[in-house]
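# Notes for the structure review
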Amino acid sequence: MNEETIEKIKELKTQLIFLFVLLIALLLSVIITNDLIFVAKGKDYDGSINRSIKKKAVLSALLTLLVSGYFLYLAYKTYIQKRTKSNEIFLIIGILVLIAAILRYYNLTQPETIITGADDVVL
C-alpha cells in the first residue's frame, strides 16, 4: 500500500472511533429517556435519579460536542483539499452543528437547567 492509502485507512479508523463515541452518546440519551419514564411514574423518592439524569445528559452533550468538533475538522480538511460547492455546504453545516453542540452543552451545565423530557436530551 502506498502512503496515501495508509493515511486514508488511518483516517477512516479514527472516524470509526468517533462514531462509536457518538453511539455512546445516543445510548446515554436512551437511558436518560428510560430514567425519565421511571421518574414520571413517581419512583424518584429522593431525587437521586434526577441528579443522575443531569449528569448523563451533560456527559452525552460533551461527547456530542467532541464528535461535532472532529467532524468539523474533517469538513474543513476536505474543503481545503477540494473547494467544491458541496464541500462548502458540508463545512457550513459542520459549523452550525458545532455551534448547536456548544449551546446545548452550555445550557445543560447551567445550575437552573432541569431535564423534564426527551426533548431536553436529544442530540
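Residues numbered from 1 in each chain as written. Predicted model: local features only at pLDDT ≥ 70, side-chain atom pairs only at ≥ 80, totals over all residues. Heavy atoms only, no water.

So, about the nonpolar core. Formed by Ile-32, Leu-36, Ile-49, Ile-53, Ala-57, Val-58, Ala-61, Leu-108 and Ile-115, the largest nonpolar core amounts to 9 residues. Among the elements that make up this core, the one with the highest residue count is helix α2 (residues 48-81) (5 residues). Core analysis: the second largest hydrophobic core is formed by 7 residues, Leu-72, Ala-75, Leu-91 and Leu-98 among them. (Core = buried A, V, L, I, M, F, W, Y, C linked by side-chain atoms within 4.5 Å. Buried < 20%, exposed > 50% of the residue type's maximum accessible area, 1.4 Å probe, protein only. Helix = DSSP H or I, 4+ residues; strand = E, 2+ residues; numbered from the N terminus.)

Our next topic: the packing of α2 against helix α3 (residues 85-109). Viewed as axis vectors pointing N to C, α2 and α3 meet at an angle of 160 degrees, and their least axial separation amounts to 8 Å. Considering the angle they form, α2 stands roughly antiparallel to α3. Between α2 and α3 lies a crossing of left-handed hand. Residues that form the contact of α2 with α3 fall into these classes: 18 nonpolar, 7 polar and 3 charged. (Axes fitted to C-alpha atoms, helices over the stretch in contact; angles between N-to-C directions. Parallel < 35°, antiparallel > 145°, perpendicular 65-115°, else oblique. Left-handed = near helix turned anticlockwise from the far one by under 90°. Nonpolar A, V, L, I, M, F, W, Y, C, P; charged D, E, K, R; others polar.)

Before going further, it helps to examine the packing of aromatic side chains. On inspection of all chains with the given rule, the structure shows 3 aromatic pairs. Geometrically, the ring pair formed by Phe-18 and Tyr-70 is stacked, given 4.0 Å between the ring centres and 5 degrees between the ring planes. You can see Phe-18 sitting in helix α1 (residues 3-40) and its partner Tyr-70 sitting in helix α2, a full 52 residues away along the chain. The exposure class of Phe-18 is partly exposed, given its relative accessible area of 22%. Tyr-70 sits in the buried class, given a relative accessible area of 12%. On the basis of an interplanar angle of 75 degrees and a centroid distance of 5.3 Å, the ring pair of Tyr-70 and Phe-71 is categorised as edge-to-face. Of the residues examined, Phe-71 reaches a relative accessible area of 23% and is grouped as partly exposed. (Phe/Tyr/Trp six-rings, centres within 6.5 Å; stacked < 30°, edge-to-face > 60°.)

Attention now moves to a nonpolar patch on the surface. Taken together, the side chains of Phe-20, Leu-23, Ile-24, Leu-26 and Leu-27 present a nonpolar region at the surface, about 460 Å² in accessible area. Assignment of secondary structure puts Ile-24 in helix α1. On the basis of relative accessible area, Ile-24 is assigned to the partly exposed category, the value being 33%. (Patch = residues over 30% accessible without salt bridge, like charges linked within 9 Å, V, L, I, M, F, W, Y side chains within 5 Å. Areas by Shrake-Rupley, 256 points an atom, 1.4 Å probe, with all protein chains shown as cover. Salt bridge = Lys/Arg side-chain N within 4 Å of Asp/Glu carboxyl O.)

Looking at the protein chain, the pLDDT average stands at 89 and 93% of residues meet or exceed 70. The least confident element of the protein chain, judged by mean pLDDT, is α1 at 92; the most confident is α3 at 94. (pLDDT = per-residue confidence, 0-100.)

Next up on the list: α1. The first and last C-alpha atoms of α1 sit 56 Å apart over 38 residues, in line with the 56 Å expected at 1.5 Å per residue. Every buried residue of α1 is accounted for by Glu-11, Gln-15, Ala-25, Leu-28, Ser-29, Ile-32, Asp-35 and Leu-36. Where α1 terminates, the next one or two residues include Gly-42, which has phi positive at roughly 80 degrees. (Expected span 1.5 Å × (residues − 1).)

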